[in-house]
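As a plain string of letters, each chain reads:
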Amino acid sequence: MKLASLHARLRWLIIGVLIAVLLPLGVLSFRRTITEVDELSDGRLAQSARTLQVLVEHAGMNALRGRDAHGAPVPIEVSAVSPRKMHGDTFESEVGFQIIDRGGHVTLATTNLTALPPPMTGDPAFRDVRLGVYRWRLFTLPDAADGVIIRTGERYDSRHDITRALWLEHSLPLLIGLPLLAVLVGWAVRRGLRPLESLTRALSAREPGSHEPVVLGDAPLELQPVLAALNGQLARLEDALERERRFSADVAHELRTPLASVMINLESAMATIDPAEAAATLANAQRGIAGLARRIEQLLALARLEAGAASGQRSSIDLVAVAMTVIEELAPVIAESDVELSFAPLTRAVMVQGYEAALAALLRNLLENALRHLPAGGQVQLSIGQAGRDAIVEVIDDGPGIPAERRAAVFARFHREAGSRGDGYGLGLSIVQRAAQLHGASIELLDSPHGTGLRVRVAIPLAS
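Residues numbered from 1 in each chain as written. Predicted model: local features only at pLDDT ≥ 70, side-chain atom pairs only at ≥ 80, totals over all residues. Heavy atoms only, no water.

Visitor: Looking at this model, I keep getting lost on the overall build of the protein. Mind explaining?
Guide: Scanning the protein from terminus to terminus reveals nine helices and 14 strands. For the protein, the proportion of its 464 residues judged to be buried stands at 35%. Intrachain contacts of the protein at a sequence separation of at least 6 include 65% that bridge at least 24 residues. Summed over all atoms, the accessible surface of the protein reaches about 27100 Å², with 60% contributed by carbon and sulfur. (Helix = DSSP H or I, 4+ residues; strand = E, 2+ residues; numbered from the N terminus. Buried < 20%, exposed > 50% of the residue type's maximum accessible area, 1.4 Å probe, protein only. Contact = heavy atoms within 4.5 Å. Areas by Shrake-Rupley, 256 points an atom, 1.4 Å probe, with all protein chains shown as cover.)

Now the structure itself:
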């Protein structure tokens, strides 16, 4: 099935609308004109009858009475003005009249109405009759003078002539104008849709893989939202591809070394015949696999946060409840690290608008980052409160801390401070930063009130 082009659709829609509007208007105008013509013709008949009435009143019936030798009325030969040839060589006028005395005798009549019988009592002033092969429109004026009845008539042929002329006048412009209108509308539509053709050429001329914004000079207002949506889609596509490329590079960079370490340990365990040595290398391989699993988990978490793929739509979330859940998840890690974690839950909820998974990732990575860099016996304090229109999350430790001049660099992916403790991969604070950006939050790295260590302060807008 061949699909219609936009040009053709617009052209035929416009023509269809014009026909739907013009045709009823033409029919109504024609009917109104015919009604006016009928009223005018009836008025002419009435005026002719009244003119004859004036003549009768001034001349008298005796002057108007004309009869032949046998007493029959002498017919008035009608003039051949505007004759019409009907049925061979017979020419007849389309108008006529009768004058009838009080006795009901026709005293004066045109030849085309001599055969018309006198009117009956109670006949309406205007009536239609058939005389021979013609239909006549009659007007009867009773009691014109001395009981005289005057009757004028007009054949419907003359009215039909006017009707045909009106049909021609109303239909001819449509018959001639619609094809011309179709051509002009087609030209106008093509000219109006030129910006679409320009957009098509601009898209066709783009290099494969190009994600540069589409620029179209003098774009009409209707096309600007399309360009904005298209450029927005290209920008999102470029961002998604960039994240994919970055994630692929991160995976290739970060997984190469731990995979090689696991392979070496497994090969060593397979090559040795000493059970103790084999057990030690297998234990190293197991720790390597556990570290690899954690690294993959962090890479996926970072990728999800960068893609904004948090769990569903924003919702009201209690930060205190999220913090309690995260602490429960980290309980084994806290116990193994021999670090003291203090958290005094608030008696009331601290509500923010956001993504629960992202906020949980923020709190989890803040705590894990502190736990990994503290020696045994260290202390970590978690607090959640409110300041103005923000919820404040603070994680304070008494570890080695980060020099002030190096604090801006720690948010870079895979950045690790020289001499840092723990088995981290430099992704924790990157995840924290991305989660904060998703919520419009701010992050500050400050000096710890303990004299040594780090104080991380996150301000998240409260739910309105």
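Visitor: Sorry, what's going on with the environment of Ala321 here?
Guide: Here Ala321 is to be found in helix 6 (residues 319–329). Along the sequence, Ala321 and Pro345 sit 24 residues apart, while their C-alpha atoms lie 9.0 Å from each other.

Visitor: Quick question: what am I supposed to make of the sheet that holds strand 11 (residues 379–387) here?
Guide: For sheets, the rule is that strands pair by backbone hydrogen bonds, running either parallel or antiparallel. Read across the sheet, five strands follow the order 9-11-12-14-13 without closing on themselves; strand pairing throughout is mixed. The sheet terminates laterally at strand 9 (340–343) and strand 13 (442–447), the two strands that pair on one side only. The sheet shows a mean angle of 15° between the axes of neighbouring strands, taken without regard to direction. The pairing of strand 9 with strand 11 spans four bridges and is classified as parallel. Bridged to Glu340 within strand 11 is Gln379. Here helix 6 sits on the sheet and contacts strand 9, strand 11, strand 12 (390–397) and strand 14 (454–461); the angle it forms with strand 11, its principal contact strand, is near 165°. (Pairing = 2+ DSSP bridges. Axes fitted to C-alpha atoms, helices over the stretch in contact; angles between N-to-C directions.)

Visitor: Any chance you could explain helix 8 (residues 356–372) here in plain terms?
Guide: Given 3.6 residues to a turn, an α-helix orients residues that are three or four positions apart in the same direction. The end-to-end C-alpha distance of helix 8, which contains 17 residues, comes to 24 Å, matching closely the 24 Å that a straight helix rising 1.5 Å per residue would cover. Most of helix 8 sits out of view: 14 of its 17 residues are buried. (Expected span 1.5 Å × (residues − 1).)

Visitor: Can you help me understand the nonpolar core in this one?
Guide: Soluble globular proteins tend to pack their nonpolar side chains together in the buried interior. Leu319 and Leu382 are the most contacted members of the largest nonpolar core, which totals 42 residues. Among the elements of the structure, helix 6, helix 8, strand 11, strand 12, helix 9 (428–438) and strand 14 are those that each provide at least two residues to this core. Ignoring any residue separated from it by four or fewer positions in sequence, one finds Leu382 in contact with Ala323, Ile327, Leu341, Ser342, Phe343, Ala344, Leu363, Leu367, Val393, Glu394 and Val395. Membership of the second largest hydrophobic core comes to 12 residues, among which are Ala49, Ile99, Leu108 and Ile150. (Core = buried A, V, L, I, M, F, W, Y, C linked by side-chain atoms within 4.5 Å.)

Visitor: Quick question: what am I supposed to make of the packing of aromatic side chains here?
Guide: Within a pair of aromatic rings, the relevant descriptors are the distance that separates the centres and the angle that separates the planes. On inspection of all chains with the given rule, the structure shows one aromatic pair. When the ring of Phe126 is compared with that of Phe139, the centres are 4.7 Å apart and the planes differ by 45°; the resulting orientation is tilted. Here the residue Phe126 occupies a position in strand 5 (residues 126–131), and Phe139 occupies one in strand 6 (residues 134–141), the gap between them amounting to 13 residues. Note on Phe126: relative accessible area 29%, which makes it partly exposed. Residue Phe139 is classed as buried on the basis of its relative accessible area, which comes to 6%. Directly above the aromatic system of Tyr156 lies the positively charged group of Arg135, at a separation of 4.3 Å from the ring centroid. Arg155 extends its terminal NZ or CZ atom over the ring of Tyr134, reaching a point 3.9 Å from the ring centre. (Phe/Tyr/Trp six-rings, centres within 6.5 Å; stacked < 30°, edge-to-face > 60°. Lys NZ or Arg CZ within 6 Å of the ring centre and 35° of its normal.)

Visitor: What am I meant to see in the side chain of Asp42 here?
Guide: Relative to the helices and strands, Asp42 resides in helix 1 (residues 6–64). A polar atom in the side chain of Asp42 sits 3.1 Å from the side chain of Arg137. (Polar contact = N/O pair within 3.5 Å; in protein donor to acceptor, adjacent residues only side chain to side chain.)

Visitor: Just to check I follow, could you spell out the sheet that holds strand 6 for this structure?
Guide: Pairing is antiparallel across the open sheet formed by five strands, whose spatial order is 4-3-7-6-5. Of all the strands in the sheet, just strand 4 (106–109) and strand 5 have a single pairing partner and so form its edges. Mean inter-strand twist for the sheet, computed between neighbouring axes without regard to direction, equals 25°. Strand direction decides the pairing type here: strand 3 (residues 95–100) and strand 7 (residues 149–155), joined by six bridges, are antiparallel. Bridging across to strand 7, Phe97 finds its partner in Thr152.

Visitor: Hey, could you run me through the UniProt feature "transmembrane region" (unreviewed entry) in the protein in this one?
Guide: Here, the residues flagged by UniProt with the feature "transmembrane region" (unreviewed entry) are residues 12–30 and 171–189. Secondary structure content for residues 12–30 is 100% helix and 0% strand, while the C-alpha to C-alpha distance between its ends is 26 Å. Each end of residues 171–189 is marked by a C-alpha atom, and these two atoms are 26 Å apart; helix forms 100% of the span and strand 0%. (UniProt positions renumbered as here; feature names shortened; annotations may be inferred.)

Visitor: Is there a simple way to think about the packing of helix 6 against helix 8 in this case?
Guide: Packed helices, taken two at a time, are described by the angle their axes make and the gap between the axes. Between helix 6 and helix 8, whose axes approach to 9 Å, the crossing angle comes to 55°. Considering the angle they form, helix 6 stands oblique to helix 8. For the pair helix 6 and helix 8, the crossing hand works out as right-handed. Taken together, the residues of helix 8 that come into contact with helix 6 (itself represented by Leu319, Val322, Ala323, Val326, Ile327 and Glu329) are Glu356, Leu359, Ala360, Leu363, Arg364 and Leu367. (Parallel < 35°, antiparallel > 145°, perpendicular 65-115°, else oblique. Left-handed = near helix turned anticlockwise from the far one by under 90°.)

Visitor: Can you help me understand the side chain of Ser448 in this one?
Guide: Structurally, Ser448 can be placed in the loop between strand 13 and strand 14. Within the local environment of Ser448, its side chain forms a polar contact with the backbone oxygen of Asp397, the two atoms lying 3.1 Å apart. Within the structure, Ser448 has its side chain in polar contact with the backbone oxygen of Thr452 (distance 3.3 Å). Setting aside residues up to four positions removed in sequence, Ser448 forms contacts with Ile396, Asp397, Gly453, Leu454 and Arg455.

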